[in-house]
Amino acid sequence: MADPKIAFRNVSKVFGTGADAFTAIRDLTLEIADGEIVTVVGPSGCGKSTAMNMVAGLIPHSSGEVLVDGRPVSGPGPDRGVIFQQYALFPWLTVRENVEFGLKLQGLGRQERRKRAMHYLGLVGLQDFAESYPKTLSGGMKQRCAIARAYAVNPSVLLMDEPFGALDALTRVTLQNQLLDTWSKDRRTVMFITHDVDEAVFIASRVVVLAARPGRLQEIIEVDLPYPRDEEVRLSPEFMEIRNRVWRAVYRRDAQAA
Amino acid sequence: MSLISDVETAEPKRRWRWDPGNVAWGVLSFAGGIGLWWLATVAGFSELPSPWTVLTRMIELGIDGQLWGDMYASLRRVLIGFALGAVLAVPVGFLMGWYRIARVIIDPWIQFFRVIPPLAIIPLAIVTLGIDEKPKTFVIFLAAFLSAVVSTYQGVVSVDKTYINAARVLGASDGTIFARVVIPASTPFILVGFRIGLGSAWATVVAAELIAAQSGLGFRMQQAQLYYDLPTIFVSLVAIGILGLLMDRIVVRTEERMTHWQERV
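- Going by an unreviewed UniProt entry, chain B carries the name NitT/TauT family transport system permease protein and comes from Tropicimonas isoalkanivorans.
- Listed in UniProt under the heading Sequence similarities (unreviewed entry), the comment for chain B reads: "Belongs to the binding-protein-dependent transport system permease family."
- Of the comments in the UniProt record for chain B, the one headed Subcellular location (unreviewed entry) reads "Cell membrane".

- Under an unreviewed UniProt entry, the name given to chain A is NitT/TauT family transport system ATP-binding protein, and the source organism is Tropicimonas isoalkanivorans.

Below, the structure is given as structure tokens:
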């Protein structure tokens, strides 16, 4: 593999100290190539969100190395766009102002900001809602606005933490298709956290399965289904076969423990 | 991302508004209450003055100018004391919310003074600050400050961590996060604090004037009490109620305007 975009090298994360210490992740080694779209699944407590937050620079790791573009992560930065499950739109700003937030921090002028914001809102179909406040949007629209906000600062990596988890099934499928559509055009590296096995397989070129307590690598499953993927893929026997493999990898340990 | 044609709008729930039905019920309720009061006085159940007597006295005192003078004196004290309290409460509240060390140093003092009724400070304030406007203003300032500071600091502490993280990953520095995330996110709490602060300032001014003042609505009631002048006491009470209600409505309106973005249930 060429230089990986994201690399975990023997990464561990321990929360707390002494008797209360809790190992969220133990000795994780994982590489994500530039332009790759990888999903991370696992039971709750497997540290999948923690792993993503370490790449985002929101949580420091305890030992090992977390690298982005070969450089150790020391804090958050606009080169890594993050999309949160709870949208995290600023409710006191309009849809357009939310998208402009990151652009303003980059020192862009008013005109340029507005132009860029409207461009990205157009891509997610929200141009007619630019002056609305988030409270008037549905869940799917809020998440599209959050996606536009993340894209607007042009990050080289997208980190998505169960972004479609709070949405209804139909909206979720629509947004999955749109994500793949965008990815097939710009080939931006995506690390996508989910607990939904179907979603994980449909989106990814590789599915990383983590095991829980402590969080650690269980298995990496290649998804050799061709892109672009449409609804037929979801119903194909090949998809079902990979999906079943991922499902077994995710639940095997829990079944043994029970 | 491709163009999307699905139109999914979630109409936000409307908050209670001035709709004619509600206003009508409110007016009806007040009219009923005054009617009962009138009946009670006519039937001789009590020695209270009738609504008519009180209204006549109110007009007399209004023409005379005394009522306006008293209202002005009380309002002036409240507004000065409240303004000083609010202006200090916001930075102190932010300091306590943002820096743990400030919280642990300041909080015990606030908790201590909060359990002392502001009126209990009056004797001390008169002895140390003299008998003019200063002790009253100080007590009102204290009442307003203590109410407003607690909610400001609660507001800062309870700012959703997700907003802060969202700003950080977009490249925001601590200063930017404070100015553009923490302040707007805690504005609703601050305004609630102002509302409580103004309410307690108003309650305090009237009581303070009962104890120690030469003007104001509270002073007028105290004087009227000496002369068994019930209508004047009623006029003062009604004036206190109306002014208090008006101030509260103004704050609520300001709050609605400044926090219209909030999701309300």
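1. Observations regarding the overall build of chain B
Link 1 in the chain: Tallying secondary structure elements over chain B gives 10 helices and 0 strands in all.
Link 2 in the chain: Traced from its N-terminal end to its C-terminal end, chain B shows the element sequence α-α-α-α-α-α-α-α-α-α.
Link 3 in the chain: For 265 residues, the compact-globule estimate of 2.2 N^0.38 gives 18 Å, and chain B exceeds it by more than 25% at 24 Å.
Link 4 in the chain: C-alpha extents for chain B along the principal axes are approximately 75 × 55 × 30 Å.
Link 5 in the chain: Per-residue burial for chain B yields a buried fraction of 33% across its 265 residues.
Link 6 in the chain: A separation of at least 24 residues holds for 73% of the contacts in chain B among residues at least 6 apart in sequence.

2. Remarks on the overall build of chain A
Link 1 in the chain: Within chain A one finds 8 helices and 10 strands.
Link 2 in the chain: Over its C-alpha atoms chain A spans a radius of gyration of 19 Å, differing by no more than 12% from the 18 Å that the globule rule assigns to 258 residues.
Link 3 in the chain: Each principal axis of the C-alpha distribution contributes one length, and for chain A these read about 55 × 45 × 35 Å.
Link 4 in the chain: Taking contacts inside chain A between residues at least 6 apart in sequence as the whole, the part at least 24 apart equals 69%.

3. Some words on the pairing of strand β1 (residues 6–15) of chain A
Residue and element names in this part refer to chain A.
Link 1 in the chain: When β1 meets strand β2 (residues 22–32), the two strands line up antiparallel, connected through 7 bridges. Among the inter-strand pairings, Val14 is bridged to a residue of β2, identified as Thr23.
Link 2 in the chain: Here β1 folds back onto β2, and the loop between the two strands holds 6 residues, one of which, Gly16, carries a positive phi near 80°.
Link 3 in the chain: Examined bridge by bridge, β1 and strand β4 (residues 63–68) share 5 bridges and lie antiparallel to one another. Bridge pairing in β4 places Phe8 opposite Val66.

4. Some points on the environment of B:Phe94
Residue and element names in this part refer to chain B.
Link 1 in the chain: Structurally, Phe94 can be placed in helix α3 (residues 66–98).
Link 2 in the chain: Classification of Phe94 by C-beta neighbours within 10 Å gives buried; the count is 21.
Link 3 in the chain: As for Phe94 and Val182, which are separated by 88 residues in sequence, their C-alpha atoms are 9.0 Å apart.

5. Considerations on the UniProt feature "domain: ABC transmembrane type-1" (unreviewed entry) in chain B
Link 1 in the chain: UniProt annotation of "domain: ABC transmembrane type-1" (unreviewed entry) refers to residues 71–251 of chain B when read in the numbering used here.
Link 2 in the chain: Within residues 71–251 of chain B, the helical portion is 86% and the strand portion 0%, while the C-alpha atoms at the span's ends are 19 Å from each other.

6. A few points about the sheet that holds strand β9 (residues 206–211) of chain A
All names here are of chain A.
Link 1 in the chain: The 6 strands lie next to each other as β6-β7-β8-β3-β9-β10, forming an open sheet whose pairing is mixed. In this open sheet, the two strands that pair with only one neighbour each are β6 (80–83) and β10 (216–222). With strand direction ignored, the average angle separating the axes of adjacent strands in the sheet is 20°.
Link 2 in the chain: As defined by bridge partners, strand β7 (residues 157–161) adjoins strand β8 (residues 189–193) across 5 bridges and the pair is classed as parallel. Paired with Asp161 across the strands is Ile193, a residue of β8.

7. With respect to helix α10 (residues 230–258) of chain B
Residues and elements named next belong to chain B.
Link 1 in the chain: The end-to-end C-alpha distance of α10 is 42 Å, a good match for the 42 Å that 29 residues give at a rise of 1.5 Å each.
Link 2 in the chain: All of the buried residues in α10 are Pro231, Thr232, Ile233, Phe234, Val235, Ser236, Ala239 and Ile240.
Link 3 in the chain: Buried residues belonging to α10 abut α2 (51–64), α3, α8 (174–211) and α9 (217–226).

8. Comments concerning the nonpolar core
A general trend in soluble globular proteins is that nonpolar side chains are found buried together.
Link 1 in the chain: Formed by 133 residues in total, the largest nonpolar core has its most connected members in A:Val55, A:Ala148, A:Met191, A:Val207, A:Val246 and B:Ala144.
Link 2 in the chain: Here this core gets 14 residues from one element, more than from any other, and that element is helix α6 (residues 133–157) of chain B.
Link 3 in the chain: Lining this core are residues from two domains, each supplying at least three of them: domain 1 (6–79 + 157–257) and domain 2 (89–154) of chain A.
Link 4 in the chain: For A:Val246, the contacting residues outside a window of four places in its chain are A:Val41, A:Val197, A:Ala200, A:Val201, A:Val207, A:Val209 and A:Ile221.

9. Notes on helix α5 (residues 169–186) of chain A
Residues and elements named next belong to chain A.
Link 1 in the chain: Here α5 is 18 residues long and its end C-alpha atoms lie 26 Å apart, about the 26 Å a rise of 1.5 Å per residue gives.
Link 2 in the chain: Where α5 is concerned, the buried positions are Arg172, Leu175, Gln176, Leu179 and Trp183. Mapping the buried residues of α5 onto a view down its axis gives an arc of 110°, with all of them on the same face. Structural note: α5 exposes Leu170, Ser184 and Lys185 on the side pointing more than 90 degrees away from its buried face.
Link 3 in the chain: Of the surrounding elements, those touching the buried residues of α5 are β3 (37–41), α4 (139–152), β8 and α6 (197–203).
Link 4 in the chain: Arg187 lies just past α5 and shows a positive phi near 50°.

Here is what the cut-offs are and how they apply
- Residues numbered from 1 in each chain as written.
- Chains lettered and ligands numbered in written order.
- Predicted model: local features only at pLDDT ≥ 70, side-chain atom pairs only at ≥ 80, totals over all residues.
- UniProt positions renumbered as here; feature names shortened; annotations may be inferred.
- Helix = DSSP H or I, 4+ residues; strand = E, 2+ residues; numbered from the N terminus.
- Rg over C-alpha atoms; globule rule 2.2 N^0.38 Å.
- Buried ≥ 20, exposed ≤ 12 C-beta atoms within 10 Å, placed from the backbone.
- Contact = placed C-beta atoms within 7 Å.
- Pairing = 2+ DSSP bridges.
- Axes fitted to C-alpha atoms, helices over the stretch in contact; angles between N-to-C directions.
- Expected span 1.5 Å × (residues − 1).
- Core = buried A, V, L, I, M, F, W, Y, C linked by C-beta atoms within 7 Å.
- Domains from an automatic or database assignment.
- Arc of directions from axis to C-beta.

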